[in-house]
Amino acid sequence: MIIICRILLAAFIVVILWCLMLLPRRGHFGWDRLADARYAHRGLHDMKQNIPENSMTAFRRAVESGFGAELDVHLMADGHLAVVHDSDLSRVCGRSAVIEDLRAEDLKDYPLLGSGESIPLLPEVLALFEKKTPLVIELKVEHGNASALTDAVMALLRDWEGTYCIESFHPAVLLHLKKHYPNVIRGQLSENFLRTNDAGTLTWPVRAVLTLLLTSFATRPDFIAYNYIDRSCPSLRLMKRLYGVHEVGWTIRSKEILERLEQQGVMPIFEGFLP
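Remarks on the overall build of the protein
And step 1. Helix and strand counts for the protein come out as 11 helices and nine strands.
And step 2. Relative to the compact-globule value of 19 Å for 275 residues, the protein shows a C-alpha radius of gyration of 19 Å, a close match.
And step 3. C-alpha extents for the protein along the principal axes are approximately 75 × 40 × 35 Å.
And step 4. The buried share among the 275 residues of the protein stands at 52%.
And step 5. Once local pairs closer than 6 in sequence are excluded, the contacts in the protein between residues at least 24 apart make up 59%.
And step 6. Accessible area for the protein stands at about 13,300 Å²; split by element, carbon and sulfur atoms hold 56% of it.

Below, the structure written as structure tokens:
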């Protein structure tokens, strides 16, 4: 009986610690302005029409269609901010290069596949969305540049007149926002890293921590942006049930799924169709 009691006590303590580690920030006053929109993943791109992802044409189509947009930002060698998903440009430009090693003047030599467009800089995209539809801005950390990247993005957003939130897979971005830009809506991106190959060289313990959102007690995210096919994650479900954390679902590729998730209060990021 004593052994059973000890096991039950240990299990109870583990559950309490788990719940405490998942504590988000609640009640940010700006969330409602974000939650009313649908977000085109990397802009409203369509390679059948030669409109690449994260291109100015894709972003312009999103604005004209009344959608917000999700976009990706990297810090370049000269301090400029490039709007592109991959650090290695092979997939999107057909030519190998690392965006962090390039300068803004180099982008003319790396047109996006299927178009004559160059990789846009963040100020160009911000100008397009200003006073219009909202943005979900994902910060892509490379080589430990979380603080420098976050500071560079926030310098541009300081006087920008628009609605936005910041998200990242890297908890260091959220920690930096929490400490230096507490009024900014911040979100933790995640998925089941134990199932996918997206985690690269991350060790199993790190994959488990990121999958289970166990950095939340330190970063205090306003929302969790989770791969919608993995949203059965017990930590996500617990955060929603206990704390009412906001959920963003990515990347949704059908109208039926989008509408179902919206009915469950999920803010959608979609791709490949018009809702």
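A word on helix H8 (residues 204-211)
And step 1. Listing the buried residues of H8 in full gives Arg 207, Ala 208, Leu 210 and Thr 211. The buried residues of H8 occupy an angular sector of 165° when the element is viewed end-on, so they sit on one face.
And step 2. On its buried face, H8 sits against helix H7 (171-180), strand E6 (186-190) and strand E7 (223-227).

With respect to a nonpolar patch on the surface
And step 1. On the surface, Phe 12, Ile 13, Ile 16, Leu 17 and Leu 20 cluster together into a nonpolar patch covering about 480 Å² of accessible area.
And step 2. Relative to the helices and strands, Ile 13 is located in helix H1 (residues 2-21).

Here's the deal with the packing of aromatic side chains
And step 1. For the coordinates displayed, the defined rule picks out seven aromatic pairs.
And step 2. Seen in terms of ring centroids, Trp 160 and Tyr 164 are 6.0 Å apart; in terms of plane orientation they differ by 55°. Their pairing is tilted.
And step 3. Residue Trp 160 is classed as buried on the basis of its relative accessible area, which comes to 10%.
And step 4. Judged by its relative accessible area of 16%, Tyr 164 falls in the buried class.
And step 5. With a centroid separation of 5.5 Å and 55° between ring planes, the pair formed by Phe 270 and Phe 273 is classed as tilted. For the pair Phe 270 and Phe 273, one class covers both residues: buried.
And step 6. Each residue in the set Phe 67, Phe 270 and Phe 273 is aromatic and connected to the rest through ring pairs, giving one cluster.
And step 7. The ring centre of Tyr 110 lies 4.5 Å from the NZ or CZ of Arg 95, which sits over that ring.

What counts and what doesn't
Residues numbered from 1 in each chain as written. Predicted model: local features only at pLDDT ≥ 70, side-chain atom pairs only at ≥ 80, totals over all residues. Heavy atoms only, no water. Helix = DSSP H or I, 4+ residues; strand = E, 2+ residues; numbered from the N terminus. Rg over C-alpha atoms; globule rule 2.2 N^0.38 Å. Buried < 20%, exposed > 50% of the residue type's maximum accessible area, 1.4 Å probe, protein only. Contact = heavy atoms within 4.5 Å. Areas by Shrake-Rupley, 256 points an atom, 1.4 Å probe, with all protein chains shown as cover. Arc of directions from axis to C-beta. Patch = residues over 30% accessible without salt bridge, like charges linked within 9 Å, V, L, I, M, F, W, Y side chains within 5 Å. Salt bridge = Lys/Arg side-chain N within 4 Å of Asp/Glu carboxyl O. Phe/Tyr/Trp six-rings, centres within 6.5 Å; stacked < 30°, edge-to-face > 60°. Lys NZ or Arg CZ within 6 Å of the ring centre and 35° of its normal.

Remember, this is a structural readout, not a statement about activity or role.
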